[in-house]
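Understanding the architecture of this molecule
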Amino acid sequence: MDGPAQLALPKLGRGVKGLLIAYLAIGLVGAILVNYVPSAGVAFWAWLACIPRTVVPRAWSPITAGLLTDPEHYSHLVFTLIGFYFLGPDLERRWGTWRFLRFIAISSAVGFLLSLAIGAITPGESAVLHPRLMFGPAAALSALAVAWGRENAAAQIRLYFFLPISGRILVWITLGFCALGLFFPASVTEGVLSPFGGFIAGIALSGSPSPLRAIYLRLKLGVLRRRGGGSMHIDLDPRPKTATKRRPGAPPLRVVVGGLDDDLEKRQPPKDKRYLN
């Protein structure tokens with residue numbers, strides 16, 4: 001996908017379609033319940049949102065909380081759908097549907113678990129570091145933007161539909177938005193540290209292979225070598241090795257003296273010159 005920005009709409013895969021449908025359905029249902037049936041809305045939110053005091057019996061909440069959007073502001077839902085619509089299809093095409101969906105679920109969980117962990121070890125009762133309720137897709141979207149930027153470092157995307165930026169710059173812009181949440185915590189329903197968890201997950205889980213998988217493969221290789229008793233040799237360098245080494249400073253090519261001209265000079269002309277041509 002390296003090259004200039006593309007104006008064509010992305011072709012959606014099954015994973016992105018499923019996420020868009022899930023966010024739209026849950027967002028509308030949550031808004032209706034909260035605004036028109038408050039008692040049912042409280043139960044709905046308590047069941048799916050990430051609440052620190054109930055996260056242990058409801059272990060699914062760090063994942064399901066990422067599917068919730070603000071029921072009082074439709075812009076939260078709209079920008080969530082836009083983010084997944086434009087950034088998700090390329091990653092799903094590269095990775096496959098199941099790896100893409102696992103990536104979104106793990107990123108969301110890492111974001112909320114980071115907020116819970118920092119809140120557990122941080123003293124005080126500050127609402128910024130000790131939120132009572134956390135929900136929203138900021139961690140998943142941060143991870144999605146980081147992964148897209150790393151997979152398309154030289155490609156371009158139009159930020160807010162008009163500002164062309166490269167994938168490499170998008171990674172840094174994503175980190176900047178994560179930092180802005182520290183100064184404006186009221187705008188981050190996920191908790192100010194959850195987007196940083198998504199950023200970390202995006203770095204660790206993107207790429208082919210991802211840094212996390214590369215570490216796993218090297219550990220597995222070490223286990224195989226120990227089991228082989230030192231007799232097993234696995235070469236991780238795909239480059240062919242030359243039989244001889246050039247001396248330092250030698251040119252990459254050398255001239256071989258001789259050839260067709262030398263053969264012609266030493267050849268005697270035939271006696272019957274009818275066969276010269």
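Okay, so let's go over this structure. (Residues numbered from 1 in each chain as written. Predicted model: local features only at pLDDT ≥ 70, side-chain atom pairs only at ≥ 80, totals over all residues. Heavy atoms only, no water.)

Points about the nonpolar core
Counting 25 residues, the largest nonpolar core has F84, F100, F103, I104 and L144 as its most contacted members. At the level of secondary structure, the elements contributing two or more residues to this core comprise α1 (14-36), α4 (74-95), α5 (97-121), α6 (138-151), β1 (156-159) and α8 (194-205). At six residues, the largest contribution of residues to this core is made by α6. What I104 contacts, discounting residues up to four positions off in sequence, is L19, F84, A140 and L144. (Core = buried A, V, L, I, M, F, W, Y, C linked by side-chain atoms within 4.5 Å. Buried < 20%, exposed > 50% of the residue type's maximum accessible area, 1.4 Å probe, protein only. Helix = DSSP H or I, 4+ residues; strand = E, 2+ residues; numbered from the N terminus. Contact = heavy atoms within 4.5 Å.)

Brief notes about the packing of aromatic side chains
Applying the stated criterion across every chain yields a total of six aromatic pairs. Note on Y85 and F86: the rings are 5.0 Å apart at their centroids and 85 degrees apart in plane angle, and the pair reads as edge-to-face. Among the residues examined, Y85 registers a relative accessible area of 24% and is labelled partly exposed. Its relative accessible area of 35% is what places F86 among the partly exposed residues. Through pairs of rings, three or more aromatic residues link up here, namely F44, W45 and F135. The lysine or arginine in question, R99, covers the ring of W95, its NZ or CZ lying 4.2 Å from the ring centre. (Phe/Tyr/Trp six-rings, centres within 6.5 Å; stacked < 30°, edge-to-face > 60°. Lys NZ or Arg CZ within 6 Å of the ring centre and 35° of its normal.)

Topic: the packing of α4 against α6
Taken N-terminus to C-terminus, the directions of α4 and α6 make an angle of 45 degrees; their axes are 10 Å apart at the nearest point. One way to sum up the angle between α4 and α6 is to call them oblique. Classified by chirality, the crossing of α6 by α4 is left-handed. Contact with α4, carried on its side by T80, G83, F84, L87, G88, D90, L91, R94 and W95, involves A140, L141, L144, A145, A147, W148 and E151 of α6 and no other residues of that element. Of the residues contributing to the contact of α4 with α6, the split by class is 10 nonpolar, three polar and three charged. (Axes fitted to C-alpha atoms, helices over the stretch in contact; angles between N-to-C directions. Parallel < 35°, antiparallel > 145°, perpendicular 65-115°, else oblique. Left-handed = near helix turned anticlockwise from the far one by under 90°. Nonpolar A, V, L, I, M, F, W, Y, C, P; charged D, E, K, R; others polar.)

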